[in-house]
Amino acid sequence: MRRHLNVYFLEDDMKFRRIKRIFDLVFGILLGIIALPILLITSIFIFICSPEASPIFRQVRIGYRGKKFAMMKLRTMTNQRDSKGELLPDEERLKWWGKFIRKTNIDELTQILHILAGQMSFIGPRPLLPKEMMVMTKKEQKKRQSVLPGIVGWESVNEEKSSSRAQMAQFDLYYVEHWSLRLDAKIFFMTIYRIFSFSRPEDSLRAPQLSEEEIKKAAEKEERQKV
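Residues numbered from 1 in each chain as written. Predicted model: local features only at pLDDT ≥ 70, side-chain atom pairs only at ≥ 80, totals over all residues. Heavy atoms only, no water.

1. Observations regarding the overall build of the chain
Scanning the chain from terminus to terminus reveals nine helices and four strands. The order of helices and strands in the chain, counted from the N terminus, is α-β-β-α-α-α-β-α-β-α-α-α-α. Per-residue burial over the chain gives 41% buried out of 227 residues. The long-range share in the chain, meaning contacts at least 24 apart out of those at least 6 apart in sequence, stands at 71%. Summed over all atoms, the accessible surface of the chain reaches about 14,000 Å², with 63% contributed by carbon and sulfur. (Helix = DSSP H or I, 4+ residues; strand = E, 2+ residues; numbered from the N terminus. Buried < 20%, exposed > 50% of the residue type's maximum accessible area, 1.4 Å probe, protein only. Contact = heavy atoms within 4.5 Å. Areas by Shrake-Rupley, 256 points an atom, 1.4 Å probe, with all protein chains shown as cover.)

What follows is the structure in structure tokens.
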């Protein structure tokens with residue numbers, strides 16, 4: 001009996017994931033049409049404010065099932081360097097125009113292309129840098145990447161509650177463990193509210209610095225689980 005119930009739940013899960021993919025495609029095409037002129041205007045604006053580099057940059061992120069991909073984003077910082085040729089700290093390179101682009105989430109619009117390509121979803125754990133994955137054990141990493149990464153997720157609508165990268169990861173793991181269309185809808189409407197109310201937290205509150213101590217703790221946890 002339990003086996004039959006598991007089959008039914010699996011079929012329901014696959015059906016809901018198909019619905020989610022259809023939503024991603026339809027909404028992605030519609031939003032892409034609207035976003036295109038915004039992206040063009042913003043790219044020109046970035047080039048005028050900071051002409052030393054391309055308005056769009058690519059960064060390697062971890063995607064579905066741990067596969068790496070080059071994620072595109074609009075540049076929100078200058079490429080200013082010190083006398084040694086090294087980039088200045090992020091807070092010095094983030095100017096007023098970059099803060100505005102981040103506050104309005106315009107920098108995320110390029111990721112619509114990744115959604116249409118099947119590399120991302122609108123809702124899901126945000127794609128992390130390879131090093132940021134190291135705050136989790138191998139088992140946690142595998143679980144987190146068992147769903148498509150998203151532009152927004154459960155962590156991103158609770159980002160001001162995280163004081164460390166490890167806590168951010170726990171929000172993502174909660175999402176994977178409790179995924180449903182209802183949870184996706186909740187995240188979607190919470191995000192819409194944040195966008196139009198301009199209530200996205202400042203970087204200092206929403207993106208704690210990655211620490212070597214967190215990576216060390218994850219490695220120690222990994223070793224304990226092996227025993």
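2. A look at the pairing of strand β2 (residues 68-74)
Among the seven residues that make up β2, five are buried, leaving the element largely enclosed by the rest of the structure. Strand direction decides the pairing type here: strand β1 (residues 56-62) and β2, joined by seven bridges, are antiparallel. Its bridge partner being in β2, I62 is matched across the sheet by K68. Hairpin geometry of β1 and β2 is characterised by an intervening segment of five residues between the two adjacent antiparallel strands and by a positive phi of about 55° at R65. (Pairing = 2+ DSSP bridges.)

3. Overview of the nonpolar core
One finds M120, I123, I151, W154, Y175 and I187 to be the most contacted residues of the largest nonpolar core, which totals 17 residues. At the level of elements, β2, β3 (121-123), β4 (150-152), α6 (165-177) and α7 (181-197) are the ones that each hand at least two residues to this core. Sort the elements by how many residues they give to this core and α6 lands first, with three residues. Ignoring any residue separated from it by four or fewer positions in sequence, one finds I151 in contact with E108, Q111, I115, M120, S121, F122 and R126. Within the second largest apolar cluster, nine residues are counted, among which are I46, I101, I106 and I112. (Core = buried A, V, L, I, M, F, W, Y, C linked by side-chain atoms within 4.5 Å.)

4. A few points about the pattern of salt bridges
Under the criterion given, the structure shown has 12 salt bridges. We note a salt bridge from K73 to D107, for which the minimum N-O separation is 3.6 Å. Residue K73 is located in strand β2, and its partner D107 is located in the loop between α3 (96-103) and α4 (112-116); the two are separated by 34 residues in the primary sequence. Overall, the relative accessible area of 14% leaves K73 in the buried class. For E160, the salt bridge identified is with R194, shortest N-O distance 3.0 Å. (Salt bridge = Lys/Arg side-chain N within 4 Å of Asp/Glu carboxyl O.)

5. Regarding the packing of aromatic side chains
A complete count under the given rule lists eight aromatic pairs for this structure. Their ring planes at 10° and their centres at 5.3 Å tell us that F23 and F27 sit as a pair that is stacked. Here F23 pairs with F27, and both are found in helix α1 (residues 2-49), just four residues apart, close to one helical turn. Residue F27 is classed as partly exposed on the basis of its relative accessible area of 27%. When the centroid spacing of 5.3 Å and the interplanar angle of 80° are considered together, the rings of F188 and F189 count as edge-to-face. Three or more aromatic residues joined by ring pairs form one cluster here, namely F23, F27, F122, F188 and F189. Over the ring of W179 we find R17; its NZ or CZ atom is 4.3 Å from the centre of that ring. (Phe/Tyr/Trp six-rings, centres within 6.5 Å; stacked < 30°, edge-to-face > 60°. Lys NZ or Arg CZ within 6 Å of the ring centre and 35° of its normal.)

6. Focus on the side chain of E108
Residue position: E108 is located in the loop between α3 and α4. According to the relative accessible area criterion, E108 is buried, its value standing at 10%. Within the structure, E108 has its side chain in polar contact with the side chain of Q111 (distance 2.4 Å). (Polar contact = N/O pair within 3.5 Å; in protein donor to acceptor, adjacent residues only side chain to side chain.)

7. Thoughts on α7
Helix length check: α7, at 17 residues, gives a terminal C-alpha distance of 24 Å against a target of 24 Å (1.5 Å per residue), a fit within 8%. For α7, the complete set of buried residues consists of L183, D184, I187, T191 and R194. The arc enclosing the buried residues of α7, seen along the axis, measures out at 100°, which places them on a common side. Of the exposed residues in α7, those oriented more than 90 degrees away from the buried face are R182, F189, Y193 and F196. Following α7 by one or two positions, F198 has its phi on the positive side, about 50°. (Expected span 1.5 Å × (residues − 1). Arc of directions from axis to C-beta.)

8. What to know about unusual backbone geometry
Of note in the backbone geometry, R65 takes a positive phi value of approximately 55° without being a glycine. By the element assignment, R65 lies in the loop between β1 and β2. With a relative accessible area of 69%, R65 lands in the exposed category. Positioned with a positive phi, N105 is a non-glycine residue whose angle comes to about 65°. Mapping N105 onto the fold places it in the loop between α3 and α4. N105 sits in the buried class, given a relative accessible area of 18%.

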